[in-house]
Amino acid sequence: MNLPLKPLQVESLKDACITRMEELILSGELKAGERLPAERDLANRLGVSRPVLHEALVDLAVKGLVSILPRRGVVVNDYRQSGSMAILSSLLNYQNGQFDPQFTDSLFAMRLLIEKETARLAATNTDPEQLGKLHELLSKESSLNRSDLAALVKLDFDFHIQVALASKNHIYPLILNSFVSVYTHFTTDFFERCRFTPTLDEVFAFHRELVNTLEQHQPQKAMEVMTALLEHGKAHLLDFVDQTAHKE
């Protein structure tokens, strides 16, 4: 029997510890400015070893959820003020895959701001090697098995990363990669609903048009195509959200 089974994912103690601490902080049960118990005591309460707890706290500090202060211990931060991009996936997990409308609008606005600029720069700076890689992705799109949702989501993300790389700006690809889990969360929802419809053909058409503007070195046109592409995806996602809300 050929079942489409995936390996089971088991959280490590460190990951489980991180998840629990994130829940406490994001829910407000642990408040900003509050000092956590000593590591030994906190580790006992959570049922983990002190080294495991310390590794979890370091991860939380990288995300901006806590600060590890010499001789003062660990203090909870106001994540809205000190959080980094790394916290986005934690927020998504905490809210069961849903952001409130204002947060979602902020994400779309940030993506539009960044990717319009990557498109503009790519039209100015791209070289034959980068264009060749983009054409390889277009070729993969034309022969893609639409039943393979994971491959479709990855291919779409690879396209946007390749445009960012073509911009020759070293930071923009890093920014996109820093919220890949959130990015692909939304695109998975989008492609799951549209992969067998003309909407997907429209996405691929935008991709082809964008690559053409890069080849022709048309920065303004590249920005316009990228804007239309992102607004197209946003409109379809919001339409689905509205339909779901009315059904409920």
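The structure we're discussing is the one just above.
Just so it is clear, the structure is predicted and the values come from calculations on it, not from any experiment.

## So, the pattern of salt bridges
Part 1 of the argument: Counted according to the given criterion, the structure contains 13 salt bridges.
Part 2 of the argument: Notably, a salt bridge pairs E22 with K63, separated by 2.6 Å at the nearest N-O pair. Here E22 is found in helix α1 (residues 13-26), whereas its partner K63 is found in helix α3 (residues 50-63), with 41 residues between them in sequence.
Part 3 of the argument: Of the residues examined, K63 reaches a relative accessible area of 13% and is grouped as buried.

## With respect to a nonpolar patch on the surface
Part 1 of the argument: There is a patch of nonpolar side chains on the surface, built from V58, V62 and I68 and spanning about 240 Å² of accessible area.
Part 2 of the argument: Here V58 is to be found in helix α3.
Part 3 of the argument: With relative accessibility at 36%, the residue V58 sits in the partly exposed group.

## What to know about the packing of helix α6 (residues 101-125) against helix α10 (residues 180-194)
Part 1 of the argument: Interaxial distance between α6 and α10 falls to 12 Å at its minimum, and their mutual angle equals 105°. With respect to their mutual orientation, α6 and α10 come out roughly perpendicular. Residues T104, L107, R111 and E115 of α6 pack against V182, Y183 and F186 of α10.
Part 2 of the argument: The residue makeup of the contact of α6 with α10, split by class, is four nonpolar, one polar and two charged.

## Things to note about the environment of E23
Part 1 of the argument: Along the chain, the position of E23 falls in helix α1.
Part 2 of the argument: The class for E23 is partly exposed, based on a relative accessible area of 34%.
Part 3 of the argument: Along the primary structure E23 and L91 are separated by 68 residues, whereas in three dimensions their C-alpha atoms are 9.2 Å apart.

## A short note on empty space enclosed by the protein
Part 1 of the argument: Enumeration over the complete set of coordinates arrives at one cavity of 30 Å³ or more.
Part 2 of the argument: Around the largest cavity, the lining comprises 19 residues; the ones closest to its centre are F108, R111, T187, L230 and G233.
Part 3 of the argument: Sorting the residues of the lining of the largest cavity by element identifies α6, α8 (149-166), α10 and α12 (219-247) as the ones contributing at least two each.
Part 4 of the argument: Across the lining of the largest cavity, the residue classes tally to twelve nonpolar, four polar and three charged.

## What about helix α7 (residues 128-142)?
Part 1 of the argument: End to end, α7 covers 21 Å across 15 residues, agreeing with the expected 21 Å (1.5 Å per residue, within 8%).
Part 2 of the argument: Inspection of α7 places Q130, L131, L134, L137, L138 and E141 among the buried residues, and these make up the whole buried set. An end-on view of α7 places all buried positions within 115° of arc, on one side of the element. The outward face of α7, more than 90 degrees from its buried face, is lined by the exposed residues P128, E129 and E136.
Part 3 of the argument: Close packing links the buried residues of α7 with α8 and α11 (198-215).
Part 4 of the argument: The opening residue of α7 is D127, an N-cap whose side-chain oxygen sits 3.1 Å from the backbone nitrogen of E129.

Parameters and conventions
- Residues numbered from 1 in each chain as written.
- Predicted model: local features only at pLDDT ≥ 70, side-chain atom pairs only at ≥ 80, totals over all residues.
- Heavy atoms only, no water.
- Salt bridge = Lys/Arg side-chain N within 4 Å of Asp/Glu carboxyl O.
- Helix = DSSP H or I, 4+ residues; strand = E, 2+ residues; numbered from the N terminus.
- Buried < 20%, exposed > 50% of the residue type's maximum accessible area, 1.4 Å probe, protein only.
- Patch = residues over 30% accessible without salt bridge, like charges linked within 9 Å, V, L, I, M, F, W, Y side chains within 5 Å.
- Areas by Shrake-Rupley, 256 points an atom, 1.4 Å probe, with all protein chains shown as cover.
- Axes fitted to C-alpha atoms, helices over the stretch in contact; angles between N-to-C directions.
- Parallel < 35°, antiparallel > 145°, perpendicular 65-115°, else oblique.
- Contact = heavy atoms within 4.5 Å.
- Nonpolar A, V, L, I, M, F, W, Y, C, P; charged D, E, K, R; others polar.
- 1 Å grid on protein atoms, 1.4 Å probe; cavity = no way out; pocket = protein on both sides within 12 Å on 5 of 7 lines; lining within 4 Å.
- Points joined across faces, edges and corners; volume = space filled by probe spheres on them.
- Expected span 1.5 Å × (residues − 1).
- Arc of directions from axis to C-beta.
- Polar contact = N/O pair within 3.5 Å; in protein donor to acceptor, adjacent residues only side chain to side chain.

Any functional reading would require information that these geometric values do not contain.
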